[in-house]
Amino acid sequence: MKFFLNVVINGLILGCVSDLFPEIVRIDSIEILITVAFLLTIITTIIQLLCVFIMIIVAPGNRAILLAIGIVIVLFSGIIAMSILNALEGFEVIGFWPKILLSFLVSLNSTNNV
């Protein structure tokens, strides 16, 4: 249930942002919007789970730098996911800073707690 709620939240955020800032966020159709929202939720969850797994393995070894890198990757998993999804035809976020802001907006409104 939380997964589908996240997909809907991501879709609403992406749709609103693309309507407000069409020169920065380009989504060609409703099908692309649904696909991007679905894939964004899946990719973000996978990245966060992988990083949590890595942090569990690294933490007992007292490798603070690797642990800090893992935390940063979890925080910015949305940016990584949007960079991957930029390869999808029909979806584009132009610029690095808009990706950061959009990722922050999506993660603030997410119900996904790993």
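Residues numbered from 1 in each chain as written. Predicted model: local features only at pLDDT ≥ 70, side-chain atom pairs only at ≥ 80, totals over all residues. Heavy atoms only, no water.

Asker: I tried to follow the overall build of the protein on my own but got confused; where do I start?
Answerer: In terms of helices and strands, the protein carries five helices and two strands. When the elements of the protein are put in sequence order from the N terminus, they spell out α-β-α-α-α-β-α. In summary, the protein has a C-alpha radius of gyration of 15 Å against a globular reference of 13 Å for 114 residues, a match within 12%. Reported as C-alpha extents along the three principal axes, the dimensions of the protein are approximately 50 × 30 × 20 Å. In the protein, which comprises 114 residues, the proportion classed as buried is 36%. In the protein, of all internal contacts separated by at least 6 residues, the share reaching a separation of at least 24 is 68%. With an accessible surface of roughly 7000 Å², the protein has 76% of that area assigned to carbon and sulfur atoms. Here the protein contributes 4 positive and 6 negative side-chain charges, whose respective centroids are spaced 20 Å apart. (Helix = DSSP H or I, 4+ residues; strand = E, 2+ residues; numbered from the N terminus. Rg over C-alpha atoms; globule rule 2.2 N^0.38 Å. Buried < 20%, exposed > 50% of the residue type's maximum accessible area, 1.4 Å probe, protein only. Contact = heavy atoms within 4.5 Å. Areas by Shrake-Rupley, 256 points an atom, 1.4 Å probe, with all protein chains shown as cover. Lys, Arg positive; Asp, Glu negative; His and termini not counted. Charge placed at Lys NZ, Arg CZ, Asp CG, Glu CD.)

Everything listed here is a matter of geometry and, on its own, says nothing about what the molecule does.
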